[in-house]
Amino acid sequence: MAAAAVAVLAAVLLLARGGSAAAAANEFVLAGFARDNVTASGVAAVASSGLLRLTNETNEVLGHAFYPEPLRFKDASTGAPLSFSTTFVAAIVPRYPDAHGHGIAFALAPSPTVPGAVAGKYLGLFNTSDSAGQGRSGVVAVELDTAKDEEFKDINDNHVGIDVHSLWSVNSTAAGYTDAGTGKFAGVSLVSGDSLQVWIEYDGANMRMEVTVVSPAGKPRPAVPLVSYTVNISSAVADDTYVGFSAANGAASSSHYVLGWSFRLGGGRAPDLDLSKLPSLPSSRSKKTMPQLLVVTLLLVVVLVLLLLSAAAAALVIRRRRFAEEEEDWETEYGPHRISYRDLYAATKGFRDVIGKGGFGCVYHGVLRRRGAEVAVKKVSHDSRQGLREFVSEIASMSRLRHRNLVQLLGYCRRRGELILVYDYMANGSLDKHLFDADSDNKTTALSWEQRGKIVRDVAAGLLYLHEGWEQVVVHRDIKAANVLLDADMNAKLSDFGLARLYDHGSNPQTTHVIGTIGYLAPEMSKTGKATTSTDVFAFGAFLLEVACGRRPMERDGSLDSPGLADLVLECWKAGRIKDARDPKIGKCDEADLELVLKLGLLCSHPDPRCRPSMRQVVQILEGAAAVPETPPKDLGNNNGLFYGYSESFDEFPTMFPATSEATTVTMTQPSSSHSTGGQQQHDHRLSSDAFSPHQITEA
Ligand SMILES: *[C@@H]1O[C@H](CO)[C@@H](O)[C@H](O)[C@H]1NC(C)=O
Ligand SMILES: *[C@@H]1O[C@H](CO)[C@@H](O)[C@H](O)[C@H]1NC(C)=O
Ligand SMILES: *[C@@H]1O[C@H](CO)[C@@H](O)[C@H](O)[C@H]1NC(C)=O
């Protein structure tokens, strides 16, 4: 009795010295710790906040914190076990959610340093020799074990067990509690980082130890204990037993904390802990903010990645749209003639180098990378889907047309509302520049007759090929100086054959349009609206006169009444001095040849298509294999005094002859349908004369 009294007195003295609450002689309440409240060993330490940290985030460490004075759990006289009651709030904060240290234990031990005990699965209370032999006498513990050790027959890695002399728990249960309100069992995660409140009641009368756990702390105390075991504590522990806590880390680590502790020995319950007075878990806060920071960072990264991805996707879509083409099934057979828009875009450096501008769009210079060839790329806007198919088939077949006097069509590309044609590049541009601009710009010198003679023969050869040299007759429809291009060696090539058909096909069937250029249109065109080889010959005649005379078939400033070029040449012929009609810029020359070309030009321009020579005859005449008549045929130009009879045929369309009519390609309605369309014949400004001349070089 005296010994017990001394022990209790010692406890009272100690508690009074520590300044902590001590309501009765055999109890203490530690709402937070002071440095001399406990004897710490290992890495255990008391923080200034009052938080007892048994371990920190270090592997393979242990920490002990025991009440400094030994207590006696045995009735001094009878040796019967004394009851005790305790409750504490602890927390296990793992360094990583999926890798954590071992558990924490409430322990009764013969020494506050537990000599020889090791960390890891031994929880700082035992060592290997203990587990191999009879165990360590004097040690009784309640473990909150967070690791499953097969050696100790642990049931899982989250259990509460009662250990008597060994880690081989005498009884254990998965952590949890029976909810006081609902009566249902709720699991508790020991390593959640949340606070845990544990109650341990030992009744000395029936030697029953009962353990109860809830989490987080503050929940009502469950009525049903989680684990219990009957043990004679007075024989199980030493006479001088230290009470406290032990925790350990192994290959992974947690921080083990005790926030508050209340203990009573000798009957009756330990005082409740006022949870509001307990120190908070600084590390738990940082544990929570760390992941939060991580989550925020991760979110930011994810958002950034998503943004980048969507930007990349958008760029891809834009790129795809930029290079989008239209292609339909029927085009596959023309596959070889298709050139991808991407290639054209690259070839023209993004369609920058404009070398010509027409009513339909621009012509660009480019270099096809694959072939290394210089090309002229013509963009033709075309909204109508109708007729396009035929046109593309025509293009495809035309790219099979090969003649040294035809500008080679290399391929095409089709996009929405846009047709892109790719031709050989002609370094010297269009002929009309050389014919008419030789004065105005100093760079171009007037063409000699030798050059002109060669040019007309080149063009004649090209046109003959179109008319007769191929499996089907191809009508050019728009022969004129502007559509004759000159390569680097001044070889003449016909360009844009058949292109006018595109606008034929696409037109409203009620208004059949005639495409061509005023001054080159055969008179019967205004009646039939049909282009034939004969209308091509007529235009070729006008072209011959144009080349020989250096004048356009209809002068720009000429009024309707003024005679056309053909009339002037015819006058000269009738007067027997046809050579006077020639271009004064031609100096000395082969006059016989000049005369031949002028006469042939007039013959080709015969108002009656039946009287015009064929292109084969034209070529024969130019080669000297056939002769031209000495005097003009009687009916030539014998039409109202005017050569073409324009005034008659075109009287209905005076508006179609503006001052610049020569340079205008017209779209007009057939006279037969002109009434139904109420004179809506349009002077289509889009169709300017150079609309089809891609290869003109802007000589800047
Ligand atoms: C843990 O505590 C020990 C001893 O107090 C110390 O040396 C070590 O740096 C601490 N580790 C961490 C991660 O705080
Ligand atoms: C275990 O602890 C005891 C002291 O209680 C000591 O004598 C023994 O050497 C220790 N065994 C090991 C393997 O550390
Ligand atoms: C408990 O152990 C003590 C000491 O060994 C003994 O005196 C006492 O009789 C035991 N009590 C019971 C009920 O076995």
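All values reported here derive from a predicted model rather than from experimental measurement.

**Observations regarding the site of ligand 2**
Neighbouring residues of ligand 2: Pro115, Gly116, Asn127, Thr128, Ser129 and Arg136. Within the contact set of ligand 2, a nitrogen atom lies 2.6 Å away from a side-chain nitrogen or oxygen of Ser129. Separating an oxygen atom of ligand 2 from a side-chain N or O atom of Arg136 is a distance of 3.0 Å. Calculation on ligand 2 without its partners gives an accessible area of 360 Å², and the protein chains cover 41% of this total. Looking at the shell around ligand 2, its residues break down into 1 nonpolar, 4 polar and 1 charged.

**As for the pairing of strand β7 (residues 104–109)**
Counted residue by residue, β7 has 6 buried out of 6 residues, so it is predominantly covered. The side-chain alternation of β7 yields two buried faces, one formed by Ile104, Phe106 and Leu108 and the other by Ala105, Ala107 and Ala109. When β7 meets strand β16 (residues 242–248), the two strands line up antiparallel, connected through 6 bridges. Residue pairing in the sheet places Ala105 in a bridge with Ser246 of β16.

**Thoughts on the side chain of Ser430**
Counting through the fold element by element, Ser430 comes out in the loop between β22 (418–424) and α7 (431–436). One polar contact links Ser430 to Asp432, side chain to side chain, over a distance of 2.6 Å.

**A few points about the environment of Tyr423**
When you line up the elements, Tyr423 lands in strand β22. Between the alpha carbons of Tyr423 and Val375 there is a distance of 5.6 Å; along the sequence they are 48 residues apart.

**Some points on the site of ligand 3**
Around ligand 3, the neighbouring residues are Gly79, Met207, Asn232, Ser234 and Ser235. Taking Asn232, its side chain carries an N or O atom lying 2.3 Å from an oxygen atom of ligand 3. In this structure, Ser234 approaches ligand 3 through a side-chain N or O atom, which is 3.3 Å from an oxygen atom. For the shell around ligand 3, the residue count by class is 1 nonpolar, 4 polar and no charged.

**Description of unusual backbone geometry**
Here the bond from Ser215 into Pro216 is cis, since omega is -5°, no more than 30 degrees from zero. One non-glycine residue, Glu60, adopts positive backbone phi at about 55°. When you line up the elements, Glu60 lands in the loop between β4 (52–55) and β5 (62–66). The class for Glu60 is exposed, based on a relative accessible area of 52%. With a phi close to 55°, Lys349 is a non-glycine residue in the positive phi region. Here Lys349 is to be found in the loop between α5 (341–347) and β18 (354–358). The exposed category is assigned to Lys349, whose relative accessible area is 62%.

**Points about the sheet that holds β7**
Spatial ordering of the open sheet is given by β2-β5-β16-β7-β8-β9-β10, a layout of 7 strands whose pairing is antiparallel. Edge positions in the sheet fall to β2 (39–42) and β10 (171–174), since each has one partner strand and no second. Going from strand to strand, the sheet's axes swing by 15° on average, the running direction of each strand aside.

Rules used throughout
- Residues numbered from 1 in each chain as written.
- Chains lettered and ligands numbered in written order.
- Predicted model: local features only at pLDDT ≥ 70, side-chain atom pairs only at ≥ 80, totals over all residues.
- Heavy atoms only, no water.
- Near = heavy atom within 4 Å.
- Polar contact = N/O pair within 3.5 Å; in protein donor to acceptor, adjacent residues only side chain to side chain.
- Areas by Shrake-Rupley, 256 points an atom, 1.4 Å probe, with all protein chains shown as cover.
- Nonpolar A, V, L, I, M, F, W, Y, C, P; charged D, E, K, R; others polar.
- Buried < 20%, exposed > 50% of the residue type's maximum accessible area, 1.4 Å probe, protein only.
- Helix = DSSP H or I, 4+ residues; strand = E, 2+ residues; numbered from the N terminus.
- Pairing = 2+ DSSP bridges.
- Axes fitted to C-alpha atoms, helices over the stretch in contact; angles between N-to-C directions.

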